[in-house]
Amino acid sequence: MTKLEDLKAARNAAEAAYDAANAAYTARAAASAAADAARADAYVAAEDAYAAREAAYAARAEAWAAEDAKRKYQGEK
């Protein structure tokens, strides 16, 4: 190989390495964005679950209060 052919081969190898690194960076950025979206979805789901649990606790407390009021009313008769 001549010096010029060696330089062209080295340039081609460097360009291929750059393209591979760029593809890896792009894939990492896409994976990071997907992970961020999944994390946000999980956070919203956790907030919804917490709100549902709080609503269930409130409904249970209301049911207990109604039962207590019923017992008190029946006991006063």
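See the structure shown above.
Here's what I pulled together on the structure shown here. Every chain's residues receive numbers from 1 upward, in the order its sequence appears when written. With pLDDT at 70 or above as the cut-off, local features in this predicted model cover only qualifying residues; side-chain atom pairs require 80 or more to be listed or tallied, and sums for whole chains, interfaces and linings still use all residues. Neither water nor hydrogens contribute to the side-chain values; these are computed over all heavy atoms in the structure.

## Observations concerning the overall build of the protein
The criterion, for reference: Numbering of helices and strands starts at the N terminus; helices are DSSP runs of H or I of at least 4 residues and strands are runs of E of at least 2. As defined in this context, the radius of gyration uses C-alpha atoms, and a globule is described by 2.2 Å times the residue total to the power 0.38. With a 1.4 Å probe rolled over the protein chains alone, any residue whose accessible area is under 20% of its type maximum counts as buried; one over 50% counts as exposed, and the rest are partly exposed. Note on areas: these come from Shrake-Rupley sampling with a 1.4 Å probe, and a residue is covered only by the protein chains present in the view. Positive charges are assigned to Lys and Arg, negative charges to Asp and Glu, while His and the chain termini are left out of the count. To locate a charge, the coordinates of NZ of Lys, CZ of Arg, CG of Asp or CD of Glu are taken.
When helices and strands are counted, the protein shows one helix and zero strands. Relative to the 2.2 N^0.38 estimate, which gives 11 Å for 77 residues, the radius of gyration of the protein is 33 Å and therefore markedly larger than a compact globule would have. Taken over the C-alpha atoms alone, the protein extends approximately 110 × 10 × 5 Å along its principal axes. Across the 77 residues in the protein, those meeting the buried criterion constitute 0%. Approximately 6,600 Å² of the protein is accessible, and the part contributed by carbon and sulfur atoms is 61%. Averaging the locations of the 11 positively and 13 negatively charged side chains of the protein gives two centres separated by 5 Å.

## Concerning the environment of R28
With respect to the element layout, R28 can be found in helix α1 (residues 3-76). Judged by relative accessible area, R28 falls into the partly exposed class, the value being 47%. A sequence separation of 17 residues divides R28 from A45, and the C-alpha atoms of the two residues are 25 Å apart.

## What about the environment of A66?
The residue A66 is located in helix α1 in this model. Overall, A66 belongs to the partly exposed group, its relative accessible area being 45%. Along the primary structure A66 and A34 are separated by 32 residues, whereas in three dimensions their C-alpha atoms are 48 Å apart.

## Some points on the environment of E62
Within the secondary structure, E62 sits in helix α1. Taking the relative accessible area as the measure of exposure, E62 reaches 58% and is therefore exposed. The spatial distance from the C-alpha of E62 to the C-alpha of Y18 is 66 Å, given a sequence separation of 44 residues.

## Some thoughts on the pattern of salt bridges
Selection criterion: Each reported salt bridge corresponds to a side-chain nitrogen of Lys or Arg within 4 Å of a carboxyl oxygen of Asp or Glu.
Throughout the structure, instances matching the rule amount to five salt bridges. With its nearest N and O atoms 3.8 Å apart, the salt bridge here joins E54 to R53. Close ionic contact of D68 with R71 constitutes a salt bridge, the shortest N to O distance being 2.9 Å. Placement of both D68 and R71 in helix α1 is noted, with a separation of three residues, approximately one turn of the helix. Taking the relative accessible area as the measure of exposure, D68 reaches 45% and is therefore partly exposed. Residue classification places R71 among the exposed residues on the basis of a relative accessible area of 51%. Linked by salt bridges that have partners in common, E67, D68 and R71 make up one network.

Taken by themselves, the reported measurements are silent on function.
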